[in-house]
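# Chains, contacts and geometry: an overview
Spelled out, the chains give:
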Amino acid sequence: MPDNNSHYHRLKKKWLSKQRKIEKHINKKHGHHIISLLPKQQLIGGLMLAAIPFTQLAPSIYANVSEDQKQEQRHISPKEVSVKLKEMLPNSVRPLISGEERLIAEFLSNLYHIPISAELEGIKLNRSYGYIGKEQHLRRYPGDNLYEHFDNQNEASLHSPEGVAPGLGAWGYFAPSKEEFTEKDKQREKYYIAVQTFLSPGWEENIGRYGQFFKYKKMLLVNPDNGKAIVVVIGDAGPAQWTGKSLGGSPEVMHFLERVDGSQKGPVLYFFINDPSDTIPLGPLEI
Amino acid sequence: MKKQKHFYHNLISIEDIKIELNSINLSKEERKELHLIAESTIHCHLINVVLEHLPEGDKKTFLHHVNTVHHKTTLNFLKKRIENIEDKIKQTAESLKKEFLEDIRKIK
């Protein structure tokens with residue numbers, strides 16, 4: 001007797017494949033027209049991408065990770081992840097269009113079994129693919145100093161050269177005092193990124209709400225050149241637009257991703273993680 | 001939630017897919033999701049058909065207006081620029097609908 005549930009999985013698998021095929025085709029052939037609409041859309045804030053046909057695709061389709069897909073992607077090396085990502089990414093480092101973001105988020109969600117998306121609670125960043133620069137360490141509590149940051153000499157020699165930023169992060173200290181400083185605060189500073197919160201569509205009209213939303217929001221960061229992935233939090237705002245970079249990573253984040261600043265700078269993918277129960281730990285991810 | 005209409009809503013109907021999905025044993029949510037995937041796929045194909053035939057200079061205008069509520073205006077815009085666009089839309093949708101229906105019948 002056929003399993004009714006298998007009807008659903010078989011049809012879903014086949015039909016999602018048809019859908020991805022046409023999405024890829026449109027992205028490849030007409031993506032430049034779609035992307036050319038982006039600046040105009042960004043000007044009207046929350047309505048960004050409203051004119052893009054891909055918004056017709058229901059997010060719920062991508063939220064459900066089927067067992068078949070999990071099985072298919074369980075054994076894959078970082079190098080293979082990189083190859084797959086390159087197939088989905090444009091040749092130039094530009095803002096991804098909605099269809100591209102969905103395909104990549106779906107792939108990474110399935111791979112790491114983490115629900116990720118470019119938009120969460122109706123809020124998006126200005127982009128989800130961009131050049132990353134190196135940030136300095138942040139002061140975690142009043143009186144904190146550089147050498148308090150490290151657990152051993154090896155960490156200190158690897159991550160101390162960047163020094164500590166003269167100012168505080170966008171949300172101040174991670175803890176009000178050394179006594180109240182916790183392991184969670186420590187991890188947040190260790191694995192933090194700075195993103196251009198101030199360029200997110202709708203920011204000016206919703207500074208208070210958006211500020212609270214972005215504070216320590218978990219994100220998945222992936223280096224498409226080597227397939228390395230890490231869970232981080234948004235710990236600061238920046239960098240300035242004129243730098244040509246779209247985000248910054250703590251020394252530890254940059255070291256793990258094997259990304260450097262300056263003329264050798266490279267891009268990363270960054271997506272929100274939907275983790276309301278705070279169960280996903282920060283740090284490097286294994287496949 | 002009110003279902004969003006598109007510039008092609010008077011030309012095609014995918015009710016047959018819904019009816020055929022009703023004939024297999026699925027939960028309400030599963031049926032709804034599968035129908036949504038079929039609908040989204042057909043939508044993408046129809047957008048593609050239009051983009052394939054529109055002159056370069058008109059593609060941006062079309063993409064900008066595709067999700068507005070002025071469906072009649074959008075369709076009139078297309079009719080002036082693409083010969084037999086209504087037939088092309090109908091043929092594309094029919095062919096896809098046939099594929100989806102066959103997929104359902106095959107698993108019965």
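Our subject is the structure that appears above.
Residues numbered from 1 in each chain as written. Chains lettered and ligands numbered in written order. Predicted model: local features only at pLDDT ≥ 70, side-chain atom pairs only at ≥ 80, totals over all residues. Heavy atoms only, no water.

### Section: helix H5 (residues 85-107) of chain B
Our working rule: Strands are runs of DSSP state E lasting at least two residues, helices are runs of H or I lasting at least four, and both sets are numbered from the N terminus onward. Helix span, as expected, comes to 1.5 Å for every residue beyond the first. Relative accessible area decides the class of each residue, using a 1.4 Å probe on protein chains only: under 20% of the type maximum gives buried, over 50% gives exposed, and in between gives partly exposed.
Taking 1.5 Å of rise per residue, the 23 residues of H5(B) would be expected to cover 33 Å, and the 34 Å separating its terminal C-alpha atoms lies within 8% of that figure. All of the buried residues along H5(B) are Ile85(B), Ile89(B), Thr92(B), Ala93(B), Leu96(B), Lys97(B), Phe100(B), Leu101(B), Asp103(B), Ile104(B) and Ile107(B).

### Examining the packing of aromatic side chains
Inclusion rule: In this scheme Phe, Tyr and Trp rings, the latter by its six-membered ring, pair at centre separations within 6.5 Å, and the angle between planes marks the pair as stacked below 30 degrees, edge-to-face above 60, and tilted otherwise. The rule is short: NZ of Lys or CZ of Arg within 6 Å of the ring centre and within 35 degrees of the ring normal puts a charge over the ring.
By the definition in use, this model includes 11 aromatic pairs over all chains. With centroids separated by 6.4 Å and ring planes inclined at 35°, the aromatic side chains of Trp203(A) and Phe214(A) adopt a geometry described as tilted. With a gap of 11 residues between them, Trp203(A) in the loop between strand S5 (192-195) and helix H9 (207-214) and Phe214(A) in helix H9 connect regions that are remote in the sequence. No difference in accessibility class separates Trp203(A) from Phe214(A), as the two residues are buried. On the numbers, 6.1 Å between centres and 85° between planes, the contact of Tyr210(A) with Phe214(A) is edge-to-face. Taken as a pair, Tyr210(A) and Phe214(A) lie in helix H9 at a separation of four residues, close to a single helical turn. Taken together, Trp203(A), Tyr210(A), Phe213(A), Phe214(A) and Phe272(A) form an aromatic cluster joined through their ring pairs. It is Lys18(A) that lies over the ring of Phe100(B); its NZ or CZ is 5.4 Å from the centre.

### Overview of the pairing of strand S4 (residues 129-134) of chain A
Residues and elements named next belong to chain A. For clarity, the threshold we go by: In this analysis, strands are considered paired if DSSP registers two or more bridges between them.
Alignment of S4 against strand S9 (residues 267-273), held across three bridges, turns out to be antiparallel. Directly across from tyrosine 131, in S9, lies its bridge partner proline 267. Where S4 and strand S8 (residues 247-249) come together, three bridges link them in parallel fashion. Among the inter-strand pairings, isoleucine 132 is bridged to a residue of S8, identified as leucine 247.

### Points about the environment of His149(A)
Residue and element names in this part refer to chain A. Filter applied, for reference: Contacts are residue-level and defined by heavy atoms, with any inter-residue pair within 4.5 Å sufficient.
Its place among the elements puts histidine 149 in the loop between S4 and helix H7 (153-159). Residues histidine 149 and glutamate 189, 40 residues apart in the sequence, show an inter-C-alpha distance of 9.0 Å. For histidine 149, the residues in contact, after removing those within four places along its chain, are His137, Leu138, Arg140, Asp144, Glu155 and Glu189.

### Things to note about the pattern of salt bridges
Our working definition: Here a salt bridge means any side-chain nitrogen of Lys or Arg lying within 4 Å of a carboxyl oxygen belonging to Asp or Glu.
Under the definition given, this model contains 28 salt bridges over all chains. Asp151(A) is the salt-bridge partner of Lys186(A), the closest N and O atoms lying 2.6 Å from each other. One end of the pair, Lys186(A), is in helix H8 (residues 183-190); the other, Asp151(A), is in the loop between S4 and H7, with 35 residues separating them in the sequence. The salt bridge involving Lys79(B) is made with Glu86(B); its shortest N-O contact spans 3.9 Å. Here Lys79(B) falls in the partly exposed class, since its relative accessible area comes to 39%. Beyond isolated ion pairs, a larger network of salt bridges with shared partners links Lys14(A), Lys18(A), Glu99(B) and Asp103(B).

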